[in-house]
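# Structural overview
In case you want the letters, here they are:
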Amino acid sequence: MDSLSELWDAVCTYIKTDGGISNAVFSLWLEPLYIVQFDGEKVTLGIESEFKFGIVEKKFNELLEQAFYSILGFPVRVEIILVEKEAEPTAPVAVPKPAAASDELVINNRGNSFENYMKRQNPDASIIYVTSENFTNDIIEHIRNSNTYELREKYRKADALLVDDIQFIAGKNSIEEEFFHTFNSLTEDGKQIVLSSDNPPNEIPKLTERLKSRFEWGLTADVQPPDFEMRMAIIKNKADAIAFPIPNNVVEFIAEQVNHNVRQLEGAVKKLQAICLLLGTTPTIEITKDAIKELMNTTQPVSVVREKILEQVALTMGVSVNNITSDKRDKNIKDARQIAMYIIREMTGMSLEEIGKVFNGKTHSTVKHSIDSVADKMDKDKEFKALVENIIKNVQEV
């Protein structure tokens, strides 16, 4: 062969025809590889994804050595290395100045109902809505600027403080410390605090006991998935917020097809808007079907969909279904198990308890932690997100 690229092309052809793996698995894991060096005894293959590197090195090394042997006619050792990507130049980013204590914070849609109620009771009320991420960033920014007094004036003088996804401050010692004192200050002054979390206080992992006990002082309400009428109202509200008119028949269609959670409804509206802007048209049922196909309810029984998910996760991650549903703690098996839990929750709407039973009796909190871990990693890692979405796509096509 005249070049390393020709050798690699021949190896890839062998793997795709005689390697015993699907095209989807090849495209996801092996196609990104390339030959870095070949000295006659060892082939060095490079890959630029740290996530894929770990899986390929562990699961496909033997297959690669077999493929090279078949093409070359003699055995060679295969070594896979992680190749760092060259950093791309970035444009300057303008960092906004932290809001002053007197600045008015806008409550987003999740806080509108509570804001309206508070405003009716007291039109002059100072209401602050913040996500746990924004709260964390605010603390870091004020500490960096040596201006913690302004920070405390901002949060501890509010009449009502709303914090979304409070579970994400757990394990962050300095953030928990600041929130602990903010909580005490507001309650001592008789002010209102509203917190949202994916778990009840005593089931939030890594949260300090003193915060758990304080969170349990108040009323805990279990918020269930919205019913059909509420889903329609949410869709209308989300569409109005981005000035995107949606016909009533399309609103009804989305509400019928997407019923897992508010985030999915919001995602459906935004994706539909993007497609309509791209096509230069208004929303129709047909366009909506294509826009939300990954979120639509399946007509197949939940048990059938669940088994398909387990099979596709096993195929993609290179582990068996039995291992995924077992108690084995190997990292690759644990990763596959968490991905399977996440996709089952997203595609079937099964309760956390029901999902736990599928995985050898895992607890509610274990399942919730697994799902949250996958969702968090998808937000931070584009390649991992593509992996999960590819599995979902394969399940829908089977």
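As a starting point, this report considers the structure included with it. Values in this document were obtained by computation on a predicted structure and should not be read as measured data.

### Overview of the packing of helix H7 (residues 148-156) against helix H8 (residues 173-188)
Close contact between H7 and H8 brings their axes to 10 Å; oriented N to C, the two are set at 45 degrees. Between H7 and H8, the crossing angle belongs to the class labelled oblique. As H7 packs across H8, the resulting crossing turns out to be right-handed. Of the residues in H8, those touching H7 at Leu151, Arg152, Tyr155 and Arg156 are Glu178, His181, Thr182, Ser185 and Leu186. Partitioning the contact of H7 with H8 into residue classes produces three nonpolar, three polar and three charged.

### So, the sheet that holds strand S2 (residues 42-47)
Strand order across the open sheet formed by three strands is S1-S2-S3, with mixed pairing between neighbours. Here the strands that pair on one side only, and so sit at the sheet edges, are strand S1 (34-38) and strand S3 (77-82). Averaged over all adjacent pairs, the angle separating strand axes in this sheet is 30 degrees, with direction ignored. Of the pairings in the sheet, the one linking S2 to S3 comprises six bridges and is parallel in character. Its bridge partner lying in S3, Ile47 is registered against Leu82. Helix H1 (residues 4-18) contacts S1 and S2 of the sheet and is inclined by roughly 125 degrees relative to S1.

### Points about the packing of aromatic side chains
In the structure shown here, the tally under the stated rule is seven aromatic pairs. Seen from their ring centres, Phe183 and Phe215 are 5.9 Å apart, and the 50 degrees between their planes marks the pair as tilted. Of the two residues, Phe183 sits in helix H8 while Phe215 sits in helix H9 (residues 209-215), which places them 32 residues apart along the sequence. With respect to class, Phe183 is no different from Phe215; both count as buried. Three or more aromatic residues joined by ring pairs make a cluster, and in this case those are Phe135, Tyr155, Phe179, Phe183, Phe215 and Trp217.

### Let's talk about the pattern of salt bridges
Pairing between side chains of opposite charge can happen when their charged atoms approach one another. Under the criterion given, the structure shown has 16 salt bridges. The salt bridge involving Glu266 is made with Lys270; its shortest N-O contact spans 3.5 Å. A residue pair is termed a helical-turn pair when its members lie 3 or 4 positions apart in one helix, as Glu266 and Lys270 do in helix H12 (residues 262-279) at four residues. A residue is classified by how much of its surface remains accessible, and Glu266, at 27% relative accessible area, is partly exposed. With its nearest N and O atoms 3.6 Å apart, the salt bridge here joins Glu286 to Lys289. Of the two residues, Glu286 and Lys289 both sit in helix H13 (residues 285-291), three residues apart, roughly one turn of that helix. The class for Lys289 is partly exposed, based on a relative accessible area of 35%.

### What to know about the sheet that holds strand S6 (residues 192-195)
In space, the three strands of this open sheet follow the order S4-S5-S6, with parallel pairing throughout. Each edge of the open sheet carries a strand with a single partner, namely strand S4 (127-131) and S6. Each adjacent strand pair in this sheet contributes to an overall mean axis angle of 10 degrees, direction not counted. Relative to S6, strand S5 (residues 160-164) is paired through four bridges, and the arrangement is parallel. When the bridges of S6 are listed, Leu161 appears paired with Ile193.

### Considering the pairing of S4
Of all five residues making up S4, five are buried, and the element is well covered by its neighbours. Burial along S4 is two-sided: the face carrying Ile127, Tyr129 and Thr131 and the face carrying Ile128 and Val130 are both buried. Direction of pairing for S4 relative to S5: parallel, over a ladder of five bridges. For Thr131, the partnering residue across the bridge sits in S5 and is Asp164.

### A short note on unusual backbone geometry
Located in the positive-phi region is Ser146, a residue other than glycine, with phi close to 55 degrees. For Ser146, the location among the structural elements is in the loop between helix H6 (132-144) and H7. You will see that Lys206, though not glycine, has its phi angle at about 70 degrees, which is positive. Mapping Lys206 onto the fold places it in the loop between S6 and H9.

### Topic: the pairing of S5
With respect to burial, S5 is a largely interior element, five of its five residues being buried. Both faces of S5 are covered, namely the face carrying Ala160, Leu162 and Asp164 and the face carrying Leu161 and Val163. Handedness of the crossover joining S5 and S6 through H8: right-handed.

Cut-offs applied
- Residues numbered from 1 in each chain as written.
- Predicted model: local features only at pLDDT ≥ 70, side-chain atom pairs only at ≥ 80, totals over all residues.
- Heavy atoms only, no water.
- Axes fitted to C-alpha atoms, helices over the stretch in contact; angles between N-to-C directions.
- Helix = DSSP H or I, 4+ residues; strand = E, 2+ residues; numbered from the N terminus.
- Parallel < 35°, antiparallel > 145°, perpendicular 65-115°, else oblique.
- Left-handed = near helix turned anticlockwise from the far one by under 90°.
- Contact = heavy atoms within 4.5 Å.
- Nonpolar A, V, L, I, M, F, W, Y, C, P; charged D, E, K, R; others polar.
- Pairing = 2+ DSSP bridges.
- Phe/Tyr/Trp six-rings, centres within 6.5 Å; stacked < 30°, edge-to-face > 60°.
- Buried < 20%, exposed > 50% of the residue type's maximum accessible area, 1.4 Å probe, protein only.
- Salt bridge = Lys/Arg side-chain N within 4 Å of Asp/Glu carboxyl O.
- Right-handed = clockwise from strand over helix to strand, strands pointing away.

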